[in-house]
Every structure is written in structure tokens, then in C-alpha cells.
There are 2 protein chains.
Amino acid sequence: MTWLDQVPWNEHGLVAAIAQDAASGKVLTLAWMNREALEQTAKTGQAVYWSRSRNKLWRKGEESGHAQKVREVRLDCDADAVLLQVEQAGGIACHTGRERCFYRKLDNGRWVETDPVLKDPAAIYREGSGKK
Amino acid sequence: MTWLDQVPWNEHGLVAAIAQDAASGKVLTLAWMNREALEQTAKTGQAVYWSRSRNKLWRKGEESGHAQKVREVRLDCDADAVLLQVEQAGGIACHTGRERCFYRKLDNGRWVETDPVLKDPAAIYREGSGKK
């Protein structure tokens, strides 16, 4: 039984993957991994996820350049999750051009945006600027 | 449309909920919330989850005493997740008696336990000691 067999893959063959900035401690993203994604993450030292919307492997940063260098991988007790400590390229983890995906905060019954857009998504994903 | 309607509930009516220790920045747990759990979390200031194994609301700490006082709730861009900043009662978030659920680290192809058991689970969940 390998370390990959010990991961409690869910009914879709996925595990939730939390990425935390190794320097600031901020939680940047929650994404999903299948077995191949986790294996490649461990092998390459770069975060590889499973895109549920595109239904394929997603090498974080392949289009945006905002890759995540993985410093540590942790597994939780039973809730189907791994935790990555990452170095976030460009200081931008979110496709909206923000540092992190968790940029809205609950404040008196509404979600308030607290984090600025650091780079225009149109510029991040401009045709031809991709890293594919 | 209320703030609860803006949460991208998944096909099971759930959203992933990451709890991060407000003081240390450590990611403690990944659990799940349904609409009622999130509403009650916001209302009471104490983490309430949806137990997928028991199929009912789970007031964190109701049996163990290890409640989570919620200081902040954040919502992510699109990945169906909320992020809580919490004060962890007893300094133990995991049902195994450890500080956090992410107590295993990937090290050369195997999961290595890095975090000690702070309290024997048998003592935490001993009959009669429950907080129900």
C-alpha cells in the first residue's frame, strides 16, 4: 500500500487540497486533486490540481504563470483533505487577480470585498501570454 | 438575495469549511457546512458544521468540549469554500486528540506523523464527560 492508497479519495476520486502561503500563512485557495494530480505534485514540487470544470489536470500557473511551488504536503485525519505549504509565484493565487481566493469577508450580513485586485485578469490571461 | 444565497452550495447542499487558528495561523480542520450550519455559525459565533457521517448538524465541541469561537468568516471566489478564523478551545481541534487534523506530513513517499496526541481521545469522549 503506497502513500497514494492511504488518501481517502471521495466518490469522484478526488481529495480537497488547501494551499497555504508558506511565508504569510494566508490560506490562498481550495482546489481538488485526483490521484494523478497529487502524484505529480509530489514528483514535480509544483501544485497540480484536477479541474472539475474543465475535467482535466490543471498545472497551476500553466496559463496565468501563477504557479505554486510546494514546500510541504500534509494529510488530514479523515475529512478527505490535503494541505499544501506553497510559494505563490507573482503573489497572486486567484484567477480574479487577487492574492487569494478568500477575498470576501462576512460583515453584518453581507460579503464585503477586502482584498484588492493586484493584476487585471484580462492581462493575466491575455491571448499569447500563456505559459502553456 | 441574502448572503447565504450567494454561497455556491454544491450538489449536496454543502460548502467546504476550512478552520484556521486565528492566533497561530495553523490550518486546523476541513469540515462541511450546509445552509443551516453556516447561518448558525454566523448567528452564534461558534462553528457549527454538517456531519456527513452522522447526517446531522454538528456543533463543534458539543461532545469533546473543543468548540471553535469564530472570529471571521470568508468566502472564496468559486471553489465552494468558506474560511473561518477561530479560537480553538482546549488547543485541540482533531478527534484524535491532536492540535489539528493535518498531523501527517509527506516525507520520502510516506505519511509521517509529526504532531503529538495532546489528550487521549478516550478521555475526551468518555461517557458522561460530554457537553451535550
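> Describe in detail unusual backbone geometry, supporting the description with residues and values.
Residues and elements named next belong to chain B. Backbone geometry places N55, a non-glycine residue, at a positive phi of 60°. Within the secondary structure, N55 sits in the loop between β3 (48-51) and β4 (56-59). We note that N108 has phi near 50°; this positive angle belongs to a residue other than glycine. Locating N108 in the fold gives a position in the loop between β7 (104-106) and β8 (111-113). Residue N108 is classed as exposed on the basis of its relative accessible area, which comes to 76%.

> Report on the sheet that holds strand β2 (residues 27-33) of chain B, specifying residues and quantitative values.
Strand order across the open sheet formed by 6 strands is β8(A)-β7(A)-β5(B)-β6(B)-β1(B)-β2(B), with mixed pairing between neighbours. For this open sheet the edge positions go to β8 (111-113) of chain A together with β2 of chain B, each flanked by a neighbour on one side alone. In this sheet, adjacent strand axes meet at a mean angle of 30° when their direction is disregarded. Inspection of the sheet shows strand β7 (residues 104-106) of chain A paired to β8 of chain A by 3 bridges, in the antiparallel sense. Residue R104 of chain A lies in a different strand from β8 of chain A, and its bridge partner there is E113 of chain A. The sheet contacts of helix α1 (residues 35-44) of chain B involve β7 of chain A together with β2 and β5 (68-75) of chain B, and relative to β2 of chain B the element is tilted by about 125°.

What counts and what doesn't
Residues numbered from 1 in each chain as written. Chains lettered and ligands numbered in written order. Predicted model: local features only at pLDDT ≥ 70, side-chain atom pairs only at ≥ 80, totals over all residues. Heavy atoms only, no water. Helix = DSSP H or I, 4+ residues; strand = E, 2+ residues; numbered from the N terminus. Buried < 20%, exposed > 50% of the residue type's maximum accessible area, 1.4 Å probe, protein only. Pairing = 2+ DSSP bridges. Axes fitted to C-alpha atoms, helices over the stretch in contact; angles between N-to-C directions. Contact = heavy atoms within 4.5 Å.

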